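Secondary and tertiary structure notes
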Amino acid sequence: MAKMEVKTSLLDNMIGVGDMVLLEPLSEETFINNLKKRFDHNEIYTYIGSVVISVNPYRSLPIYSPEKVEDYRNRNFYELSPHIFALSDEAYRSLRDQDKDQCILITGESGAGKTEASKLVMSYVAAVCGKGAEVNQVKEQLLQSNPVLEAFGNAKTVRNDNSSRFGKYMDIEFDFKGDPLGGVISNYLLEKSRVVKQPRGERNFHVFYQLLSGASEELLNKLKLERDFSRYNYLSLDSAKVNGVDDAANFRTVRNAMQIVGFMDHETESVLEVVAAVLKLGNIEFKPESRVNGLDESKIKDKNELKEICELTGIDQSVLERAFSFRTVEAKQEKVSTTLNVAQAYYARDALAKNLYSRLFSWLVNRINESIKAQTKVRKVMGVLDIYGFEIFEDNSFEQFIINYCNEKLQQIFIELTLKEEQEEYIREDIEWTHIDYFNNAIICDLIENNTNGILAMLDEECLRPGTVTDETFLEKLNQVCATHQHFESRMSKCSRFLNDTSLPHSCFRIQHYAGKVLYQVEGFVDKNNDLLYRDLSQAMWKAGHSLIKSLFPEGNPAKINLKRPPTAGSQFKASVATLMKNLQTKNPNYIRCIKPNDKKAAHIFNEALVCHQVRYLGLLENVRVRRAGYAFRQAYGPCLERYKMLCKQTWPHWKGPARSGVEVLFSELEIPVEEYSFGRSKIFIRNPRTLFKLEDLRKQRLEDLATLIQKIYRGWKCRTHFLLLKKSQIVIAAWYRRYAQQKRYQKIKSSALVIQSYIRGWKARKILRELKHQKRCREAATTIAAYWHGTQVRREYRKFFRANAGKKIYEFTLQRIVQKYFLEMKNKMPSLSPIDKNWPSRPYLFLDSTHKELKRIFHLWRCKKYRDQFTDQQKLIYEEKLEASELFKDKKALYPSSVGQPFQGAYLEINKNPKYKKLKDAIEEKIIIAEVVNKINRANGKSTSRIFLLTNNNLLLADQKSGQIKSEVPLVDVTKVSMSSQNDGFFAIHLKEGSEAASKGDFLFSSDHLIEMATKLYRTTLSQTKQKLNIEISDEFLVQFRQDKVCVKFIQGNQKNGSVPMCKRKNNRLLEVAVP
Ligand SMILES: Nc1ncnc2c1ncn2[C@@H]1O[C@H](COP(=O)(O)OP(=O)(O)OP(=O)(O)O)[C@@H](O)[C@H]1O
Ligand SMILES: [Mg+2]
């Protein structure tokens, strides 16, 4: 976005008045008050028309930033508050755009800020003029020339810590585009006396201190210097250090600047060697030596320093030594050599030091000029003059005289140029020229510079005159020649006006300068004007091996010996001032008047008396008067109309016609008296500041009204826009909300409709269902009724065909049918024929329960029978026996289960076949049921003996196993009982009928592997033969008849260790113990 151009004016927010021309009423007091008021508000710049007054703030203000540069760039001079940048911009633009050479004249007393101002101007111009590598280098060189010149030409004084001790004029050269090309510096009157002597509280030139503080040890050794200031007579010691100044750092800055400006290393070195030589010259001391012919003579005290100087400069020591002791005067091929006394020797030494230094300074300026010389054609020039201002001290000498003369000339040129410009402007603008009454100082300039009877001419005349010349003779001469001059005052003059003026000493004269009266001491005028350096010294210098020193003293060259006296200091200065003035006259002048607010170098202090003094001698009131002589204020029609157009309805807000007629309408509308203004060609001229201020007040009032109006409209607009925005937003929100609400409502209605719909549908469906169900029930009921009805009908019809027991028959029939069905089904469900199959189909009808169980029993019996029917007689017998055994022993004798699987064989011992037992066989006629070997237990000791056990139909026989001889024969009828244990053993006892024959030996106790079989067969045989059941006792303790005694056989749980065979032991008479494992 393009930056909005805001039209401002110097008159906006003004503190006091920004332009002294507008001061009302104009007096010294109001002038100073205005300056003070502005100074107190940090407004250090004030205008007098186009002249800038600058009051030194003695502190850094934030008004020189790059932003400020931009603010002032390309702005009208009166558009912003007064600033040195405004003047610089005006000058630069006038140079660039109107092809006018410019000069900026900066004046003011020591410490007023001239040098700073000149630097500000240069930096502003550098900032706004062209860019580019080459241009930047030129700018940099121009700017960097300042630190170099300040190091060699500035010194600390009581007035200023960085006081310029020379006058400087610098031309900055530009090409047609306004880009800088280079520059030329001119220097005026270096205060060289400072080299050898400084007033109390002041210092020598900065460079000496900078060199000693900042140089490396190596450099110091090379220059044969020591760092200690106190070693050098030429350096004042009481103020060697300046507060806030770092000499060492500045030395580096200066060397760097020299490099940028273009000094070669060897050149810098030479310069420093000359500086060192000057310092060391001060240390050469002389002592008096009387010669025979009575003439005073001097001698160098310590030649060491001299030796070192000569080494440094390449001068023959004897030559220099001689130059300090003799003075040769040449006149018309005659050479007269006189000795120098101590005072003269010191004078010669100091003169050499001063000359050496001042010539070095001039050489430096020339060398810089060489570097910054424009390489191409120069079109335009901007000169910046930084020259000492008017000086009035207690003791004013030749220097002040010269300086004040220069200022007098500057004032002259100022008056001339200002008036000329004013007049030119009036002519240009076609305004009637009225005579201006002002003081013209041309008369004072004439008093000083007039070629025949001017003071400078008198002085030269006196200096050149043969015979004894002193300052007094010079004053006398003045008293004769100038006595009648209005601005010359002297007590001794012929004019009796000052005879009784005690403020005017006899050795002085006073000049009424334009800026005030100054009393000059004549002492030293002649000498300083002569500025003598003995020829011997310049010749000695010329002989130096040091090329720079040699070049500084060309007059020392014997080949170019010139017996003519060199021009005096006064005439030199006059000539250079004349050149300067000529130069300045061809340029457009811009003035900066610097004012020092206090003597303490302190911020915020405004010493009114001091300022008043400066205002006076700078002729500032004069300045205002000249400027205000005709019209106090002028402004081009355009800006004027722009600024005040709001004061009149016709011109506000837009004036269609030319600006001038707009202003005319405006002024007549405002009823401003006609004598208060004049219409120029392009500008309106206002005679009195009062008129302008009235316009300003009106404008301010009107602006406030306008501001209120704008505010009102703006607020209205803002409220309306805000309202419209709110309204628009409200509509959008409402629309959205409505949509949302309607959506919600619709969804609710939709779901409600669905619910209602489903209810109604349900209700309808249920209704139909009910209907249908009803119809169905009706149909069914009708059918049922019809069926019953039919039944009834049929029964009624057929009743006659039924017997009384029809129901019973039907019942029986049904029952039969069911039973039939049951049996038929049972037939198919019959379990297998295995007698051990426990399966049986479940019962279908409860009333058949008993039948079902019976059927099961019958079936079982039947299949058992079936099973049995398969057996042969032999098998049948075997099973009968097994059955018998089972009945007898099952669950009674532990041995029984093991016997089940063993088939009963009976005749284990095949007596028939074994011939051994033929006899036995023959003895038995009956059928043998059992033939087996058993162990007969000896009832006496429990031991067993094998016996053949035979059972026949009627008897029981025991025979010897080996022989087959029958041992015992017992008829079965005598067997009463068989006893055995319940355990898993084969012991059994056969009890015999008491009293029988067989029982005489007692009961038998056997053990057999086939106990179960034997006991069963014995039982069966006894039963079939005797028709009596044999008693079989199963008990773990039973009695056995032993002859007459009864022995108890007891079965106990035996130890497994004794093997698996039961052990039988006779315990005592009555107990036989069998341990069963
Ligand atoms: N515009 C300024 N802003 C801040 N300080 C300033 C300004 N002008 C001057 N000064 C201060 O005042 C001191 C003296 O200023 P400057 O050296 O310019 O004086 P001068 O007029 O050149 O004196 P001389 O005639 O002795 O050379 C500066 O060193 C600086 O401290
Ligand atoms: Mg200065």
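Residue numbers run consecutively from 1 along every chain, following the written order of its sequence. Each chain gets a letter, beginning with A, and each ligand a number, beginning with 1, in the order they are written. At least 70 in pLDDT is required for a residue's local features to be given in this predicted model, at least 80 for side-chain atom pairs to be given and counted, and no such filter applies to totals for whole chains, interfaces and linings, which use all residues. Side-chain descriptors were evaluated using all non-hydrogen atoms of the structure, hydrogens and water having been removed beforehand.

1. A short note on the overall build of the chain
Each helix is a run of DSSP H or I of at least 4 residues and each strand a run of E of at least 2, with the numbering of both proceeding from the N terminus. Summing up its helical and strand segments, the chain has 31 helices and 31 strands in all. Only C-alpha atoms enter the radius of gyration; for comparison, a globular chain is expected to reach 2.2 Å times N to the power 0.38, where N is the number of residues. On C-alpha atoms alone, the chain measures out to a radius of gyration of 80 Å, which is more than a quarter above the 31 Å that the 2.2 N^0.38 rule sets for 1077 residues. Expressed along its principal axes, the backbone C-alpha trace of the chain runs to roughly 220 × 115 × 55 Å. Note on exposure labels: buried denotes an accessible area under 20% of the residue type's maximum, exposed denotes more than 50%, and partly exposed covers the range between, all computed with a 1.4 Å probe on protein chains only. Relative to its 1077 residues, the chain shows a buried fraction of 47%. Contacts spanning at least 24 positions in sequence make up 64% of the contacts within the chain whose residues lie at least 6 apart. Shrake-Rupley sampling with a 1.4 Å probe provides the accessible areas, and residues are treated as covered by the protein chains on show and by no other component. Accessible area of the chain: about 57400 Å², with a carbon and sulfur share of 53%. By the counting rule applied here, Lys and Arg register as positive and Asp and Glu as negative, while His and the ends of each chain are not counted. Throughout, a charge is located at the NZ atom of Lys, the CZ atom of Arg, the CG atom of Asp or the CD atom of Glu. Put simply, the chain has 167 plus and 131 minus side-chain charges, and the middle of one group is 20 Å from the middle of the other. Only heavy atoms matter for contacts: two residues are in contact if any of them lie within 4.5 Å across the pair.

2. Topic: helix 14 (residues 442-449)
Those residues of helix 14 lying buried are Ile444, Cys445, Leu447 and Ile448. All buried residues of helix 14 project into a common sector of 155° when viewed along the axis, lining one side. Its buried side turned inward, helix 14 meets helix 13 (398-429), helix 15 (455-464), strand 13 (488-489) and strand 14 (508-513). Our arc is simply the arc of the directions from the helix axis toward the C-beta atoms.

3. Regarding the pattern of salt bridges
We define a salt bridge as a side-chain nitrogen of Lys or Arg found within 4 Å of a carboxyl oxygen belonging to Asp or Glu. Using the criterion set out here, one finds 61 salt bridges in the structure. For Arg194, the salt bridge identified is with Glu191, shortest N-O distance 2.6 Å. Judged by relative accessible area, Arg194 falls into the buried class, the value being 2%.

4. Focus on the packing of aromatic side chains
Aromatic pairing here means that ring centres of Phe, Tyr or Trp (its six-membered ring) are within 6.5 Å. Orientation follows from the plane angle: under 30 degrees is stacked, over 60 is edge-to-face, and everything else is tilted. Tallying each qualifying case throughout the model produces 41 aromatic pairs. Between Phe401 and Phe509, the ring centres sit 6.2 Å apart and the planes meet at 80°, which makes this aromatic pair edge-to-face. Of the two residues, Phe401 sits in helix 13 while Phe509 sits in strand 14, which places them 108 residues apart along the sequence. Judged by centre distance (5.5 Å) and plane angle (45°), the rings of Phe988 and Phe1006 are tilted. Highlighted residues: Phe988 in strand 25 (residues 987-992) and Phe1006 in strand 26 (residues 1004-1007), separated in sequence by 18 residues. By the burial criterion, Phe988 is buried, and Phe1006 matches it. These aromatic residues form a ring-pair network of at least three members: Phe398, Phe401, Phe474, Phe488, Phe509, Tyr520 and Phe525. Any Lys NZ or Arg CZ that is within 6 Å of a ring centre and within 35 degrees of that ring's normal is treated as a charge sitting over the ring. The side chain of Arg231 reaches across the aromatic face of Tyr232, ending 5.8 Å from its centre. When the ring centre of Phe414 is taken as origin, the NZ or CZ atom of Arg593, which lies over that ring, is 5.1 Å away.

5. Some points on the coordination of the magnesium ion (ligand 2)
Note that water is not among the atoms used; donors are N, O and S atoms within 2.8 Å of the metal (3.2 Å for Na, K and Ca), so sites may look incomplete. At the metal site, the magnesium ion (ligand 2) is ligated by Thr115 (OG1) and Ser164 (OG), and these contacts range over 1.8 to 2.1 Å. With Thr115 in helix 4 (residues 114-128) and Ser164 in strand 5 (residues 163-164), this pair connects stretches of sequence that are 49 residues apart. For the pair shown, Thr115 and Ser164 are each scored as buried.

6. Observations concerning a positive patch on the surface
A patch consists of residues exposed above 30% relative accessible area that lack any salt bridge, with like charges linked at up to 9 Å and nonpolar side chains (Val, Leu, Ile, Met, Phe, Trp, Tyr) linked at up to 5 Å. A surface patch of like charges, here positive, comprises Arg761, Lys764, Arg766, Lys767 and Arg770. With respect to the helices, strands and loops of the structure, Lys764 is situated in helix 25 (residues 689-798).

7. As for the confidence of the model for the chain
When pLDDT is averaged along the chain, the result is 87; 97% of the residues meet or exceed 70. Per-element averaging of pLDDT across the chain places strand 10 (residues 326-331) at the bottom with 78 and helix 8 (residues 247-261) at the top with 96. Each residue gets a pLDDT score, which is the predictor's confidence in that residue and runs from 0 to 100. Counting interchain partners and residues more than four positions distant, the pLDDT-below-50 stretch residues 1-5 has zero contacts.

8. Let's talk about the nonpolar core
Membership of the largest hydrophobic core comes to 207 residues, with the highest contact counts inside it found for Phe31, Phe152, Leu320 and Phe509. In these notes, a set of buried Ala, Val, Leu, Ile, Met, Phe, Trp, Tyr and Cys residues joined through side-chain atoms within 4.5 Å is what counts as a nonpolar core. Formed by 33 residues, the second largest nonpolar core is a distinct cluster that contains Tyr896, Ala998, Leu1011 and Leu1018.

9. Digging into the site of ligand 1
As a matter of local geometry, ligand 1 sits amid 17 residues, with Ser110, Lys114, Thr115, Ser163 and Ser164 nearest to it. Within the backbone of Ala112, a nitrogen or oxygen atom sits 3.3 Å from an oxygen atom of ligand 1. Surface burial for ligand 1 is 85%, taken as the share of its 630 Å² of free accessible area covered by protein chains. Where the shell around ligand 1 is concerned, the elements lending two or more residues are helix 4 and strand 5. When residues in the shell around ligand 1 are grouped by element, the largest group, three residues, is from helix 4. Nonpolar residues are Ala, Val, Leu, Ile, Met, Phe, Trp, Tyr, Cys and Pro. Charged residues are Asp, Glu, Lys and Arg, and all others, Gly as well, are polar. Residue classes in the shell around ligand 1 are distributed as four nonpolar, nine polar and four charged. Throughout, the term near means that a residue has one or more heavy atoms lying within 4 Å of the molecule or strand in question. As used in this structure description, the phrase polar contact means that two N or O atoms lie within 3.5 Å; if the pair is within protein, one of them must be able to donate a hydrogen and the other to accept it, and residues adjacent in sequence are counted only when both atoms belong to side chains.

10. Here's the deal with helix 31 (residues 1011-1026)
Between the first and last C-alpha of helix 31 there are 22 Å, a value that for 16 residues agrees with the 22 Å anticipated at 1.5 Å per step. Counting buried residues in helix 31 gives twelve out of 16 residues, a clear majority hidden from the surface. Considered for burial, the residues of helix 31 that qualify are Leu1011, Ile1012, Glu1013, Met1014, Ala1015, Thr1016, Lys1017, Leu1018, Tyr1019, Thr1021, Thr1022 and Thr1026. Expected span of a helix: the number of residues minus one, times 1.5 Å.

11. Focus: the packing of helix 1 (residues 28-40) against helix 21 (residues 608-617)
To obtain an axis, a line is fitted to C-alpha atoms, over the contacting stretch when the element is a helix, and the angle between two such axes runs from 0 to 180 degrees between their N-to-C directions. Running from amino to carboxyl end, helix 1 crosses helix 21 at an angle of 115°, the nearest separation of the two axes being 10 Å. Classified by chirality, the crossing of helix 21 by helix 1 is right-handed. Residues Glu28, Phe31, Ile32, Asn33, Leu35 and Lys36 of helix 1 pack against Glu608, Val611, Cys612, Val615 and Arg616 of helix 21. Crossings are sorted by hand: turned counterclockwise from the far helix by less than a right angle, the near helix makes the crossing left-handed, and turned clockwise it makes it right-handed.

12. Let's talk about unusual backbone geometry
Here the amide bond leading from Glu24 into Pro25 is cis, since omega sits at -5°, within 30 degrees of zero. By the element assignment, Pro25 lies in the segment before helix 1. Cis geometry is adopted by the peptide bond preceding Pro653, which originates at Trp652 and carries an omega value of 0°. Here Pro653 shows up in the loop between helix 23 (637-644) and helix 24 (659-669).

13. A short note on a negative patch on the surface
Together, Glu394, Asp395, Glu472, Glu476 and Glu523 make up a negatively charged patch on the protein surface. Mapped onto the elements, Glu476 comes out in helix 16 (residues 471-481).

14. Description of the sheet that holds strand 29 (residues 1045-1053)
Two strands make a pair as long as DSSP finds a minimum of two bridges between them. In space, the four strands of this open sheet follow the order 28-29-31-30, with mixed pairing throughout. Among the strands making up the open sheet, the edge pair consists of strand 28 (1037-1042) and strand 30 (1063-1068). Here the average twist between neighbouring strands, direction ignored, is 25°. Here strand 28 runs beside strand 29; their pairing, made up of six bridges, is antiparallel. Paired with Gln1041 across the two strands is Lys1046, which belongs to strand 29.

15. Thoughts on the sheet that holds strand 2 (residues 51-55)
Ordered in space as 1-2-16-3-12-6-7, the seven strands form an open sheet in which the pairing is mixed. Single-partner strands in this sheet number two, and they are strand 1 (45-48) and strand 7 (180-188). Within the sheet, the average angular offset between the axes of one strand and its neighbour, ignoring direction, is 20°. Two elements, strand 3 (residues 102-107) and strand 12 (residues 380-386), share five bridges in a ladder whose sense is parallel. Note on strand 12: the bridge partner recorded for Gln102 is Met382.

16. A look at the pairing of strand 14
Burial within strand 14 is extensive, with five of its six residues counted as buried. Bridge analysis of strand 13 against strand 14 gives two bridges, and the strand direction is antiparallel. Across the sheet, the residue bridging to Phe488 is Ile511, located in strand 14. Remark: two residues form the turn of the hairpin made by strand 14 and strand 15 (residues 516-521), two consecutive strands paired antiparallel.

17. What to know about the environment of Leu464
Within the secondary structure, Leu464 sits in helix 15. The spatial distance from the C-alpha of Leu464 to the C-alpha of Phe176 is 49 Å, given a sequence separation of 288 residues.

18. Quick notes on a nonpolar patch on the surface
A contiguous nonpolar surface patch, about 370 Å² in accessible area, is contributed by Ile710, Tyr714 and Trp717. Along the polypeptide, Trp717 turns up in helix 25.

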